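# A closer look at the structure
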Amino acid sequence: MTNLLVAQHLNKTLATTPPRTLLHDINLTANAGEFLSIVGPSGSGKTTLLRCLSGLDSLTSGNVWLDQEALTTMKPAKLAKLRRTTVSFIFQQYNLLPALTVYDNLVLPLRLAKRPVDQNQLNQLLAQVHLTAKLNQYPNTLSGGEQQKVAIARALLVNTRLIFADEPTGALDAQSRQMVFNNLKALTTVGTCVVMVTHDLELAAQTDCAIVLKDGRITTIFDHPTMAQLVPALADHWEVASC
Ligand SMILES: Nc1ncnc2c1ncn2[C@@H]1O[C@H](COP(=O)(O)OP(=O)(O)O)[C@@H](O)[C@H]1O
Ligand SMILES: [Mg+2]
């Protein structure tokens, strides 16, 4: 199996006074076709970890390999290319461009990568999330859930080998949540690797591996996690596990 993602001794420290370490000695691997979930209380560093793993944020020490390429020694142009071709990121705050319509938001990453739009795939994705009629609307005319679905469809259209998803189902109802999850899961069957931050333990329990993060450290890794394992692992933090 090919390791699409490797992190070794990843540390992230902010240069504040005093310095603040957000991630401590993170080690993990993910293979092609694997679905990883990252769970943990709010403020435990999940978003920071996803950003460091995907090349959006720099590391303080350690290294990350994306598709066998080391991020720390990579030239900026190469990193930019890798981020257009190999990696998609579904942001917690959607990151839709307000001045662009739904359609233009959807095809933007493909346009930036000078790649053609697969209209069939686009139509299929839109129909699944009931957004076909809203293609010409602007993001601020959509509900939070609809914006989240556009952000997810935008990431899926790029067909990258690695997808990082930060709470991709947070704004969705239970039915949409499972459907979005099923979409991501289906991609893993054709070799895509998905790394998803979630507070939804029912979804985490359907992934191949769940990584529990607390105070910037991996406390447990569950292979083939079950609810019976995940619930007690997060039990102390229910009251703060809200964003
Ligand atoms: N750029 C930053 N400057 C200062 N503090 C930050 C920055 N990024 C993250 N943090 C802090 O780091 C901690 C982890 O944040 P985050 O990764 O967003 O956690 P999570 O996604 O698990 O809620 C939080 O306490 C947050 O306030
Ligand atoms: Mg977060």
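See above for the structure.
Residues numbered from 1 in each chain as written. Chains lettered and ligands numbered in written order. Predicted model: local features only at pLDDT ≥ 70, side-chain atom pairs only at ≥ 80, totals over all residues. Heavy atoms only, no water.

### A word on the coordination of the magnesium ion (ligand 2)
To be explicit about the condition: Metal sites are built from N, O and S donor atoms within 2.8 Å, or 3.2 Å for Na, K and Ca, and they leave out water, so they may look incomplete. Helix numbering and strand numbering both begin at the N terminus, where a helix is a DSSP run of H or I of at least 4 residues and a strand a DSSP run of E of at least 2. To sort residues, take the accessible area from a 1.4 Å probe on protein chains only and compare it with the maximum for the residue type: under 20% means buried, over 50% means exposed, and anything in between is partly exposed.
Note on the magnesium ion (ligand 2): its protein donors are Thr47 (OG1) and Gln92 (OE1). The metal-donor distances range over 2.1 to 2.7 Å. Here threonine 47 is found in helix H1 (residues 46-53), whereas its partner glutamine 92 is found in the loop between strand E6 (87-90) and helix H3 (102-112), with 45 residues between them in sequence. Threonine 47 gets classed as partly exposed once you look at its relative accessible area, which sits at 30%.

### A short note on the site of ligand 1
Applied cut-off: One heavy atom within 4 Å of a molecule or strand makes the whole residue count as near it. Definition of a polar contact: a pair of N or O atoms within 3.5 Å, with one able to donate and the other able to accept a hydrogen when the atoms are protein atoms, and with sequence-neighbouring residues admitted only if both atoms are side-chain atoms. To be clear on the numbers: accessible area is Shrake-Rupley with a 1.4 Å probe, and residue cover counts the displayed protein chains and nothing else. All residues other than Ala, Val, Leu, Ile, Met, Phe, Trp, Tyr, Cys, Pro, Asp, Glu, Lys and Arg, Gly among them, are scored as polar; the first ten of these are nonpolar and the last four charged.
In the vicinity of ligand 1, the contacting residues are Leu14, Arg20, Leu22, Pro41, Ser42, Gly43, Ser44, Gly45, Lys46, Thr47 and Thr48. In this structure, serine 44 approaches ligand 1 through a main-chain N or O atom, which is 3.2 Å from an oxygen atom. When ligand 1 sits alone it has 560 Å² of accessible area, and the protein chains cover 57% of it. Elements with a minimum of two residues in the shell around ligand 1: strand E2 (20-31) and H1. Per-element tally for the shell around ligand 1: the top contributor is H1, with three residues. When the residues that make up the shell around ligand 1 are grouped by side-chain class, the tally is three nonpolar, six polar and two charged.

### A few points about the side chain of asparagine 183
Counted only if it meets this: Any two residues whose heavy atoms approach within 4.5 Å at even a single point are treated as in contact.
For asparagine 183, the position within the fold is in helix H6 (residues 174-188). Owing to a relative accessible area of 18%, asparagine 183 belongs among the buried residues under this scheme. Within polar-contact distance, the side chain of asparagine 183 engages the side chain of glutamine 128 at 3.0 Å. Each residue touching asparagine 183, except ones within four places of it in the same chain, is listed here: Gln128 and Leu156.

### Quick notes on the pairing of strand E1 (residues 3-14)
As a reminder, the rule being used: Pairing between strands requires that DSSP locate at least two bridges from one strand to the other.
Sheet topology places E1 next to E2; eight bridges connect them, and they run antiparallel. Note on E2: the bridge partner recorded for valine 6 is threonine 29. Here E1 folds back onto E2, and the loop between the two strands holds five residues. Sheet topology places E1 next to strand E4 (residues 61-66); five bridges connect them, and they run antiparallel. The residue bridging leucine 5 from the neighbouring strand is leucine 66, located in E4.

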